[in-house]
Amino acid sequence: MKKKLVINSASCDVRNAVEENYSQYENITIHAASVVTNQSGKAFLNKMPITLECANMIETEENVRLSVINGRIEIKSTDKIPSERIILMVNGSVAIGANTENYLKQCAAIIVNGSVLYPESMSSYLNHMTVNGKSACHPDDAIILKKNAVVDRLFSLRAKNALYWSSKRMIMVDPKLNAQELKEKGASFSCNEVIISESKVEEFLSLIDERAEFVIVPDGTSVAEGNIVLDEAAVRKYGKKLYVIGDVTVPFEKDCLDSLEYLSINGDAIVPKERSEKFSDMLEKITGDINIISSKTGCICDRQYIRVTKWMLEQSELDISDCMIAELDSDIDKELIMERLKIKDCCMVKCSKEQSDAIAMICKDVGEIKIFQQDSMEFSESDMQSQIAELTNNSDTKVINAISYVM
């Protein structure tokens, strides 16, 4: 019996692939971010039973070396110039320095599955670069700060006569921060966004790149980075005025909503139904979604098989996620499904024909909704094991998972 081959890789080099080595496979599937090929490789791809899914197809000859780096790489002006032409593939992050044009000219292609940071002076040498992720270009002489850079009184004391740059945002809410002191030192700032206290806007205008978006918050506001729970400990740590860069969860008991004077969220929020009205009344702004949950919501995740009964939904709302197969009893009516059930990130949901339209409305990122026959609604243990085996394993299929694969 002929077999199947599945290759999952960041890069796949088919330039030297030999047909005889793969003739035993009736089907070859290649999932890759980038495929490196040449005339011989293209002939191999066209002749063999290959299904190809890739983001980038790079055509080059054999004398161009494929260099794959996993992690972070920094290209500096002092680095040794490669003696041969290379295809540089990075699964991670790349920081390109100034005066590196000779190194970049030796790159036939640069593929980055991650992020890239480079100076403006090198932009013209990066036409052959492909980025599957984020790229940021900074002024050549700028001092590079973190993506969420805090400019406070300590920063002011250490500031230099320089342009400070952040790829994302700067946070200027410290009441002791003095704009005049920074002006005298010659400091200036460039970023996409500035979170700034209301009283400091006018005095800082001349120091900040005019392209930056201002997010103005009340004086005394603290900025929290990362996901937080809005409980009494949050008030003790941050105070009563809060701007959150991350997701927020309001607990079922002892939340701090009654104590807060200001709340703005750059992220999503999870809020108990009983506190949703209070939350909405005092919330200034939110960029993401507000997810209202009940105190009687049940959660089931990471199961191979889960059977959903009418009794389960009568007891509480139910969230099912990351399961292989979820099957619904046929006596659950559509109204109960719509009101009480949520299913996401599951491979398969089995239901009756009458339930299928309701199931389609409450499912998110589900691989398949399968309608079972009315004369065979029982899903036996052997059926379950058979279906899971079909979804997860095939003895005639060889699977290769690799960062880089050469055929």
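Residues numbered from 1 in each chain as written. Predicted model: local features only at pLDDT ≥ 70, side-chain atom pairs only at ≥ 80, totals over all residues. Heavy atoms only, no water.

K.L.:
Got a sec to walk through the overall build of the chain? Specific residues and values, please.
P.N.:
In terms of regular secondary structure, the chain is built from 11 helices and 33 strands. Taking 2.2 N^0.38 as the reference for a compact globule, 407 residues should give roughly 22 Å; the C-alpha atoms of the chain span a radius of gyration of 28 Å, well beyond that estimate. Principal-axis analysis of the C-alpha atoms gives the chain an extent of 80 × 65 × 25 Å. For the chain, the proportion of its 407 residues judged to be buried stands at 44%. Once local pairs closer than 6 in sequence are excluded, the contacts in the chain between residues at least 24 apart make up 32%. By element, 45% of the accessible surface of the chain is carried by carbon and sulfur atoms, the whole surface being about 21,800 Å². (Helix = DSSP H or I, 4+ residues; strand = E, 2+ residues; numbered from the N terminus. Rg over C-alpha atoms; globule rule 2.2 N^0.38 Å. Buried < 20%, exposed > 50% of the residue type's maximum accessible area, 1.4 Å probe, protein only. Contact = heavy atoms within 4.5 Å. Areas by Shrake-Rupley, 256 points an atom, 1.4 Å probe, with all protein chains shown as cover.)

K.L.:
Mind laying out the packing of aromatic side chains, listing which residues take part and the relevant values?
P.N.:
On inspection of all chains with the given rule, the structure shows 4 aromatic pairs. Where Tyr-22 meets Phe-44, the ring centres are 5.8 Å apart and the plane angle is 65 degrees; that geometry is what we call edge-to-face. With Tyr-22 in the loop between β1 (3–13) and β2 (25–37) and Phe-44 in helix α1 (residues 39–47), this residue pair connects regions lying 22 residues apart in the sequence. Summarising the burial analysis for this pair, Tyr-22 and Phe-44 share the class buried. (Phe/Tyr/Trp six-rings, centres within 6.5 Å; stacked < 30°, edge-to-face > 60°.)

K.L.:
Go over the sheet that holds strand β32 (residues 368–371), please, and point to the residues and values.
P.N.:
Across a sheet, strands are paired by hydrogen bonds formed along the backbone, either parallel or antiparallel in direction. Across the sheet, which stays open at both edges, the 4 strands sit in the order β26-β28-β30-β32 with parallel pairing between neighbours. In this open sheet, the two strands that pair with only one neighbour each are β26 (305–308) and β32. On average, each strand axis in the sheet is inclined to that of its neighbour by 20 degrees, with strand direction left out of account. Judged from the 4 bridges that link them, β26 and strand β28 (residues 325–328) form a sheet pairing that is parallel. What sits directly across from Tyr-305, in β28, is Ile-325. (Pairing = 2+ DSSP bridges. Axes fitted to C-alpha atoms, helices over the stretch in contact; angles between N-to-C directions.)

K.L.:
Could you give an account of the side chain of Arg-169, naming the residues involved and the relevant values?
P.N.:
Residue placement: Arg-169 occurs in strand β13 (residues 169–172). With residues up to four places along the chain from it excluded, the contact list for Arg-169 reads Lys-146, Lys-147, Asn-148, Ala-149, Cys-191, Glu-193, Ile-195, Ile-245 and Asn-266.

K.L.:
Can you tell me about the pattern of salt bridges, naming the residues and giving the values?
P.N.:
Throughout the structure, instances matching the rule amount to 16 salt bridges. Between Arg-65 and Glu-84 there is a salt bridge, with its nearest N and O atoms 2.8 Å apart. With a gap of 19 residues between them, Arg-65 in strand β4 (residues 65–75) and Glu-84 in the loop between β4 and β5 (86–96) connect regions that are remote in the sequence. Taking relative accessible area as the criterion, Glu-84 reaches 34% and is therefore assigned partly exposed. Taking the shortest distance from any N to any O, the salt bridge between Arg-72 and Glu-74 comes out at 3.9 Å. (Salt bridge = Lys/Arg side-chain N within 4 Å of Asp/Glu carboxyl O.)

K.L.:
So what about the sheet that holds strand β17 (residues 222–225)? Which residues, and what values?
P.N.:
Taken together, the 4 strands give an open sheet; going across it, the order is β17-β19-β21-β23, and neighbouring strands pair in parallel fashion. Edge positions in the sheet fall to β17 and β23 (283–286), since each of these pairs with one other strand and no more. Strand-to-strand, the axes of this sheet are offset by a mean angle of 15 degrees, without reference to chain direction. Summarising the sheet, strand β21 (residues 262–266) and β23 pair through 3 bridges and their orientation is parallel. Note on β23: the bridge partner recorded for Ser-264 is Lys-285.

K.L.:
So, a negative patch on the surface: which residues are in play, and what are the values?
P.N.:
A surface patch of negative charge is lined by Asp-302, Asp-322, Asp-345 and Asp-365. With a relative accessible area of 56%, Asp-365 lands in the exposed category. (Patch = residues over 30% accessible without salt bridge, like charges linked within 9 Å, V, L, I, M, F, W, Y side chains within 5 Å. Lys, Arg positive; Asp, Glu negative; His and termini not counted. Charge placed at Lys NZ, Arg CZ, Asp CG, Glu CD.)

K.L.:
Describe α1, with residues and values.
P.N.:
Gly-41, Phe-44 and Leu-45 are the residues of α1 that are buried. Considered in projection along α1, the buried side chains sweep an arc of 95 degrees and stay on one side of the axis. Residues of α1 that are exposed and angled more than 90 degrees away from the buried face: Gln-39, Asn-46 and Lys-47. Buried residues belonging to α1 abut β2 and β3 (50–59). Sitting at the head of α1, Asn-38 places a side-chain oxygen 3.2 Å from the backbone nitrogen of Ser-40. (Arc of directions from axis to C-beta. Polar contact = N/O pair within 3.5 Å; in protein donor to acceptor, adjacent residues only side chain to side chain.)

K.L.:
Which residues make up the confidence of the model for the chain, and what values do they have?
P.N.:
Of all residues in the chain, 93% attain a pLDDT of 70 or more, and the chain-wide mean is 86. Confidence over residues 374–382 falls short of pLDDT 50; this stretch has 13 contacts with residues more than four positions distant or in other chains. (pLDDT = per-residue confidence, 0-100.)

K.L.:
Run through the environment of Asn-192, naming residues and quoting values.
P.N.:
Take Asn-192: it is sitting in the loop between β14 (188–190) and β15 (193–197). The sequence separation of Asn-192 and Cys-301 amounts to 109 residues, and the corresponding C-alpha distance is 38 Å. Apart from residues lying up to four places away in sequence, Asn-192 is in contact with Ser-166, Ser-167, Lys-168, Arg-211, Ala-212 and Glu-213. Within polar-contact distance, the side chain of Asn-192 engages the backbone oxygen of Ser-167 at 2.9 Å.

K.L.:
A description of the side chain of Ser-197 should follow, citing residues and the corresponding values.
P.N.:
Of note, Ser-197 is situated in strand β15. Polar side-chain contacts of Ser-197 include one of 3.5 Å to the backbone oxygen of Val-173. In this structure, Ser-197 is in contact with Met-172, Val-173, Val-217 and Asp-219, ignoring residues within four places of it in sequence.

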